[in-house]
Amino acid sequence: MKETTLVLLKPDAVQRKLSGEIILRFDQKDLQIIGLKMLRLSKDQAEKHYAEHCGKPFFPRLVEFITSGPLIAIAVQGDNAVQIVRRMMGSTDPAVAHPGTIRGDYALTMERNVIHASDSLESAARELRLFFLEHELFGIDGGI
Ligand code: CMP
């Protein structure tokens, strides 16, 4: 089933100039990029995006890091895109992420783990709405 998921290339990825290499992986997988923008999140936007983690010990540092510089938000579309992108991304903890995954190849710590991707279709729909307006998405059938 065709799905659309949200990917964030976090401030560490942008700063380390990894964006091109990561985007190339999605292109080579034959996923479709249907929306893309660079932006710096406000504290309020970051807290909304990561609302499910509110109250956890790492939450303040997560918000601080994700707002520390520009990130790149990408809407990625394709068959089973949610699960496929999660598998390409690798485990949250780079120490256990397999080589060949994005985190396995480029990250060392959970805090600076280079990339975020929606964990379910429901999260994807919610997160895409936080980052993209309808007319900023160019899906095969229009929009998401
Ligand atoms: P992400 O996939 O963006 O979703 C939530 C983020 O919180 C996660 O990547 C990590 O960057 C961060 N995170 C999750 N668990 C921890 C943890 N135990 N310690 C520090 N950061 C964490």
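Now for a look at the structure at hand. All of these numbers come straight from a predicted model, not from anything done at the bench.

Rules and cut-offs
- Residues numbered from 1 in each chain as written.
- Predicted model: local features only at pLDDT ≥ 70, side-chain atom pairs only at ≥ 80, totals over all residues.
- Heavy atoms only, no water.
- Helix = DSSP H or I, 4+ residues; strand = E, 2+ residues; numbered from the N terminus.
- Rg over C-alpha atoms; globule rule 2.2 N^0.38 Å.
- Contact = heavy atoms within 4.5 Å.
- Lys, Arg positive; Asp, Glu negative; His and termini not counted.
- Charge placed at Lys NZ, Arg CZ, Asp CG, Glu CD.
- Near = heavy atom within 4 Å.
- Polar contact = N/O pair within 3.5 Å; in protein donor to acceptor, adjacent residues only side chain to side chain.
- Areas by Shrake-Rupley, 256 points an atom, 1.4 Å probe, with all protein chains shown as cover.
- 1 Å grid on protein atoms, 1.4 Å probe; cavity = no way out; pocket = protein on both sides within 12 Å on 5 of 7 lines; lining within 4 Å.
- Sits in = over half its atoms within 2 Å of the grid points.
- Nonpolar A, V, L, I, M, F, W, Y, C, P; charged D, E, K, R; others polar.
- Salt bridge = Lys/Arg side-chain N within 4 Å of Asp/Glu carboxyl O.
- Buried < 20%, exposed > 50% of the residue type's maximum accessible area, 1.4 Å probe, protein only.
- Core = buried A, V, L, I, M, F, W, Y, C linked by side-chain atoms within 4.5 Å.
- Pairing = 2+ DSSP bridges.
- Axes fitted to C-alpha atoms, helices over the stretch in contact; angles between N-to-C directions.

### Some thoughts on the overall build of the protein chain
Stage number 1. Scanning the protein chain for helices and strands turns up seven helices and four strands.
Stage number 2. Reading the helices (α) and strands (β) of the protein chain from amino to carboxyl end gives β-α-α-β-α-α-β-α-α-β-α.
Stage number 3. By the compact-globule yardstick of 15 Å for 144 residues, the protein chain fits well, its C-alpha radius of gyration being 14 Å.
Stage number 4. Its C-alpha atoms put the protein chain at 40 × 35 × 25 Å along the principal axes.
Stage number 5. Residue pairs in contact within the protein chain that sit at least 24 positions apart in sequence constitute 77% of those at least 6 positions apart.
Stage number 6. Where the 18 positive side-chain charges of the protein chain centre and where its 19 negative ones centre are 5 Å apart.

### Focus: the site of the ligand
Stage number 1. By nearness alone, every residue bordering the ligand is listed as Lys-10, Tyr-50, His-53, Phe-58, Leu-62, Thr-92, Arg-103, Met-110, Asn-113 and His-116.
Stage number 2. Take Asn-113: an N or O atom from its side chain is 3.2 Å from an oxygen atom of the ligand.
Stage number 3. Burial of the ligand by the surrounding chains reaches 79%, relative to a free accessible area of 460 Å².
Stage number 4. The pocket occupied by the ligand, as judged from atoms lying within 2 Å of grid points, is the largest pocket.
Stage number 5. Taken together, the residues of the shell around the ligand break down into four nonpolar, four polar and two charged.

### Regarding the pattern of salt bridges
Close approach of charged atoms lets side chains of opposite charge pair.
Stage number 1. Counted by the stated rule, this structure contains six salt bridges.
Stage number 2. One salt bridge in this structure joins Arg-25 and Glu-21, with 3.1 Å as the shortest N-O distance. In this pair, Arg-25 and Glu-21 are both assigned in helix α2 (residues 19-28), four residues apart and thus about one turn of the helix distant.
Stage number 3. For Arg-25, a relative accessible area of 15% translates into the label buried.
Stage number 4. The partner of Arg-25 in a salt bridge is Asp-105, and the shortest N-O contact between them spans 2.8 Å. With Arg-25 in helix α2 and Asp-105 in helix α6 (residues 102-106), this pair connects stretches of sequence that are 80 residues apart.
Stage number 5. Assessed through its relative accessible area of 37%, Asp-105 is described here as partly exposed.
Stage number 6. In the salt-bridge network here, residues are joined through shared partners; they are Glu-21, Arg-25 and Asp-105.

### Considerations on the nonpolar core
Stage number 1. Membership of the largest hydrophobic core comes to 21 residues, with the highest contact counts inside it found for Val-7, Leu-9, Ile-22, Phe-26, Val-114 and Ile-115.
Stage number 2. Elements with a minimum of two residues in this core: β1 (2-9), α1 (11-15), α2, β3 (71-79), α5 (81-89) and β4 (115-117).
Stage number 3. With four residues, α5 is the largest single contributor of residues to this core.
Stage number 4. Aside from chain neighbours lying at most four places away, what touches Leu-9 is Val-14, Ser-19, Ile-22, Ile-23, Leu-71, Ile-72, Ile-74, Val-114 and Ile-115.
Stage number 5. The next biggest cluster of nonpolar side chains, apart from the first, holds 18 residues, and it includes Leu-39, Ala-75, Leu-128 and Phe-131.

### So, the sheet that holds β1
Stage number 1. What the four strands build is an open sheet, ordered β2-β3-β1-β4; its pairing is antiparallel. Edge positions in the sheet fall to β2 (32-39) and β4, since each of these pairs with one other strand and no more. Neighbouring strand axes in the sheet, compared pairwise and without regard to direction, differ in orientation by 20° on average.
Stage number 2. As paired elements, β1 and β3 share eight bridges and run antiparallel to each other. Across the sheet, residue Val-7 finds its bridge partner in β3, namely Ile-74.
Stage number 3. The sheet strands contacting α5 are β1, β3 and β4, and the helix crosses β1 at an angle near 35°.

Functional significance is not addressed by these values, which are geometric in nature.
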